[in-house]
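# Fold and geometry: a report
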Amino acid sequence: MYKRQTEVVLRAAAQHGASRVLIASTSEVYGKQDKVPFREDDDAVLGSTSLHRWSYACAKMLDEFLALAWHRERGLGVTVMRFFNITGPRQSPAYGMVLPRFCQAAVHGGTIEVHGDGEQTRTFLHVADAISGILALAGCAEAVGRVVNVGGTEEVSMHALANAVRAAAGGGSITLVPYASAYPTGFEDMRRRVPDTTRLRQMTGWAPTRELRQIIADALLDARRTA
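First things first, this report covers the structure right here in the doc. (Residues numbered from 1 in each chain as written. Predicted model: local features only at pLDDT ≥ 70, side-chain atom pairs only at ≥ 80, totals over all residues. Heavy atoms only, no water.)

### Comments concerning the packing of helix α1 (residues 5–15) against helix α2 (residues 54–74)
The geometry of α1 relative to α2 is characterised by a closest axis approach of 10 Å and an angle of 15 degrees between their N-to-C directions. Of the possible angle classes, the one that applies to α1 and α2 is roughly parallel. Seen from above, α1 lies across α2 with right-handed handedness. For the pair formed by α1 and α2, the contact residues are Thr 6, Glu 7, Leu 10, Arg 11 and Ala 14 on the first element and Asp 63, Leu 66, Ala 67 and Trp 70 on the second. (Axes fitted to C-alpha atoms, helices over the stretch in contact; angles between N-to-C directions. Helix = DSSP H or I, 4+ residues; strand = E, 2+ residues; numbered from the N terminus. Parallel < 35°, antiparallel > 145°, perpendicular 65-115°, else oblique. Left-handed = near helix turned anticlockwise from the far one by under 90°. Contact = heavy atoms within 4.5 Å.)

Written out as structure tokens, the structure reads:
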């Protein structure tokens, strides 16, 4: 019988007496929630099942439900981490990864394509800071049985991000591309996606160490290295 991979991991962890299991989830589970910043206990607001983009959010929500059930019913030491736009060296521009895509266009003197009106906002967290957050949660007893946001603190619009990349790279141009031209029919985007990281900070003392300008500089360095 087919078993979800997450269930296989949870079952194996319980059978072998694992003390902690960290589950990687995503900010996508908040969906179209417009109450910003996103807090771990906020409601999820997803779109229609006819729009395939919500399938990823649904799959991750099922992972969360399953993991937390194993904690409640079996006492497994589970922590669910909801990641918000993690970026860093060697991140591929494929699959819509916005910062490396912007950086590659800029270092080649090409056109940075910003989808929609460019006013949608995100935060970015350097992978090194994400790793420090993961390690902090792994050693935090208070995080057992909890959902915890892991993300950056500087909210930036996609148009402002493109301008910052272009300025730091010293080249490139910017153009707005309608969603209808960039994605299949019926695509939906979230206007703002900003995490409340209070829970992570209070439980572990964690805080990001790299500002957005440093994250951009690191991404540009990586793009030049692979140019």
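Picking up where we left off.
### Overview of the sheet that holds strand β8 (residues 156–157)
Overall, mixed pairing links the 3 strands, which are arranged β8-β5-β10 in an open sheet. The sheet terminates laterally at β8 and β10 (192–193), the two strands that pair on one side only. (Pairing = 2+ DSSP bridges.)

### A short note on the pattern of salt bridges
Tallied over the entire structure, the rule returns 15 salt bridges. Between Arg 199 and Asp 41 there is a salt bridge; the shortest N-O distance is 3.1 Å. Here Asp 41 lies in the loop between β1 (21–26) and α2 and Arg 199 lies in helix α7 (residues 198–204), a separation of 158 residues in the sequence. Under the relative-accessibility criterion, Arg 199 is labelled buried at 17%. (Salt bridge = Lys/Arg side-chain N within 4 Å of Asp/Glu carboxyl O. Buried < 20%, exposed > 50% of the residue type's maximum accessible area, 1.4 Å probe, protein only.)

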